[in-house]
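# Examination of the molecular architecture
Next come the chains, spelled out residue by residue.
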Amino acid sequence: MKVLLLCLSCFPLLGATFLPALEDSTRSHSYVATNPIPCNPGPWGQLEYYSIYLEAPDHIADLISAPSDRTIWHFPGKTLDEIDAILTTALIDERQRKRIYNDSDVFILEPPYRLFPAIDIVESMNPLSRQTLYRHLSPWSENRFYRRPIIIESGDVRSWFANSNLTDETILHISKLTYRLGNSLAFSDIPAVLTRIDSDKEEREFLRAITRTRSLVLRMTISADSDFAALKDYWTLGKNGKDLMSFFDSVSQTPAVEKVDVIHLLPSTPRKYLNTFPSLSLGMDGQYPGHFWTSLNFGRYNPLSDFDEEKTAIPFIQKFYRPVAKPYRFGDLLLFFDVETSDVIHTCVYIADDIVYTRNDRSPLRPFMLMKIGDLLTRIRAANAELGIEALRRTG
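Residues numbered from 1 in each chain as written. Predicted model: local features only at pLDDT ≥ 70, side-chain atom pairs only at ≥ 80, totals over all residues. Heavy atoms only, no water.

## Some remarks on the pattern of salt bridges
Close approach of charged atoms allows side chains of opposite charge to pair. Applying the stated criterion across every chain yields a total of 16 salt bridges. Between D361 and R148 there is a salt bridge whose closest N-O contact spans 3.0 Å. Residue D361 is found in the loop between strand 14 (355-358) and strand 15 (369-372), and its partner R148 is found in the loop between helix 7 (144-147) and strand 6 (150-152); the two are separated by 213 residues along the sequence. A single network of salt bridges, built from pairs that share partners, joins E48, R219 and K259. (Salt bridge = Lys/Arg side-chain N within 4 Å of Asp/Glu carboxyl O. Helix = DSSP H or I, 4+ residues; strand = E, 2+ residues; numbered from the N terminus.)

As structure tokens, then:
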């Protein structure tokens, strides 16, 4: 959707930042939620966070239907010669390619072409080969597992699926099928794992486990040295937020209070939804809230469903937001766009440091959450995409 030009042509790219392509060789630190991680200092106060892992609740997980356990690679618009070149680039040797073509004979008679690799070929691919091929497959919506892989931000499969009820064998199998995507690991071979699962119970546990998402619990440390005037200014958006100002007054007068969960500082709508999956009632109109709904309802007591429609969201942004340069502040709208196509890819709300409030998909399997900007970027862009960020601030 080419809405960026509609949105930002009204004002210069004052706050735009252009981001380089993902570097797949860059490895992230693996943090497990045992000790809090300190944030950088700033006007938001002294913050720290824990990583937590969210899984879809029963009433949502029960709606998941198991996909086919047959791996399919779709190549719409590609000739057989072009497909062979892609497989060669991905280091799939001639013997394996012939096997794939033989197993897919009915589906390579005429375009669009589909390939059905055997499970042993899928499992034999090394991470670089997997990364290369799946990058080629990801632009096409037919390849849903490669277009939207499971992202393991921690980079550690075993810690990611700890306490998930998956067997050690399944976790090891997933680990062998992962590949590098930006600063994270990615996993796309859901059919390959389903092929090796023997029971309905384990299949349900696997389908639930892959809904797992890492969110953050953000806390503020309070001390006698805390600058409560600066904290009030930052967290009330520079306005007269009477309830929040009263809260800070109470905290400043209570020496026993040393930590405050930042959820208490959020407006009512994100405070209600943070770290939860959408209720079935939120999907009653046929679709669940997307990123526009999540971002533009951030400061509203009663959310507006109209914000979920692009035709409504964009004019609202044009009318009530202005571009700003860094430093960002609490409540700023961050708009991510594809530099080449001018497509708006995602919107979210800046909280503090490098943390945002976001919902990354319309799927009921995606929660409302806090996320590091770097982790969010891995999720919303292809490995070679060049993205820009435009920061916008509410004017009224």
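## A few points about the pairing of strand 15
Along strand 15, one buried face is formed by M369 and M371 and the opposite face, lined by L370 and K372, is buried too. Pairing of strand 14 with strand 15, which is carried by four bridges, proceeds in the antiparallel orientation. In the strand pairing of strand 15, Y357 is matched with L370. (Buried < 20%, exposed > 50% of the residue type's maximum accessible area, 1.4 Å probe, protein only. Pairing = 2+ DSSP bridges.)

## Observations regarding the environment of T89
Within the secondary structure, T89 is located in helix 3 (residues 80-89). Here the alpha-carbon distance between T89 and T132, two residues 43 residues apart in the chain, equals 7.5 Å. Once residues lying within four places of it in the same chain are set aside, the contact partners of T89 are T132 and H136. (Contact = heavy atoms within 4.5 Å.)

## Concerning helix 9 (residues 168-176)
Buried within helix 9 we find T170, I171, H173 and I174. For helix 9, the buried positions fall inside an angular range of 160 degrees around the axis, keeping them on one side. Those residues of helix 9 that are exposed and angled more than 90 degrees off the buried face are D168, E169 and K176. On its buried side, helix 9 packs onto helix 5 (119-124), helix 8 (157-160), strand 7 (178-181), strand 8 (184-187), helix 10 (190-196) and helix 11 (200-209). (Arc of directions from axis to C-beta.)

## Some thoughts on the packing of helix 3 against helix 6 (residues 127-137)
Contact pair helix 3 / helix 6: the axes reach a minimum separation of 8 Å and the direction vectors enclose 145 degrees. Across from I86, L87 and T89 in helix 3, the residues of helix 6 making contact are T132, L133 and H136. Per-class residue counts for the contact of helix 3 with helix 6 are three nonpolar, three polar and no charged. (Axes fitted to C-alpha atoms, helices over the stretch in contact; angles between N-to-C directions. Nonpolar A, V, L, I, M, F, W, Y, C, P; charged D, E, K, R; others polar.)

## Description of the packing of aromatic side chains
By the definition in use, this model includes 18 aromatic pairs. Seen in terms of ring centroids, Y234 and W235 are 5.2 Å apart; in terms of plane orientation they differ by 80 degrees. Their pairing is edge-to-face. Owing to a relative accessible area of 3%, Y234 belongs among the buried residues under this scheme. By relative accessible area, W235 is classed as buried at 2%. Feature note: the residues W44, Y234, W235, F298, F330 and Y357 constitute an aromatic cluster, connected by ring pairs. Its end group placed over the ring of F320, R394 keeps NZ or CZ at 5.1 Å from the ring centre. (Phe/Tyr/Trp six-rings, centres within 6.5 Å; stacked < 30°, edge-to-face > 60°. Lys NZ or Arg CZ within 6 Å of the ring centre and 35° of its normal.)

## Here we look at the side chain of S188
Following the sequence through the fold, S188 ends up in the loop between strand 8 and helix 10. In terms of polar contacts, S188 uses its side chain to reach the side chain of Y179, at 2.6 Å. Setting aside its immediate chain neighbours within four residues, S188 contacts Y134, F145, Y146, P149 and Y179. (Polar contact = N/O pair within 3.5 Å; in protein donor to acceptor, adjacent residues only side chain to side chain.)

## Describing the sheet that holds strand 8
Read across the sheet, three strands follow the order 6-8-7 without closing on themselves; strand pairing throughout is antiparallel. Bordering the open sheet on either side are strand 6 and strand 7, each of which pairs with just one other strand. The average undirected angle you get between the axes of adjacent strands in this sheet is 35 degrees. As paired strands, strand 6 and strand 8 are joined by three bridges and run antiparallel to one another. Bridging across to strand 8, I150 finds its partner in F187.

## Overview of the side chain of T132
Looking at where T132 falls in the secondary structure, it is placed in helix 6. Sequence-distant contacts of T132, defined by excluding residues within four places in its chain, comprise T89 and A90.

## Here's the deal with the nonpolar core
In terms of nonpolar packing, the biggest core is built from 51 residues, with W73, F75, L133 and F206 touching the most fellow members. Here the element with the most residues in this core is helix 10; it accounts for four residues. Aside from chain neighbours lying at most four places away, what touches L133 is W73, F75, I86, L87, A90, I92 and M125. (Core = buried A, V, L, I, M, F, W, Y, C linked by side-chain atoms within 4.5 Å.)

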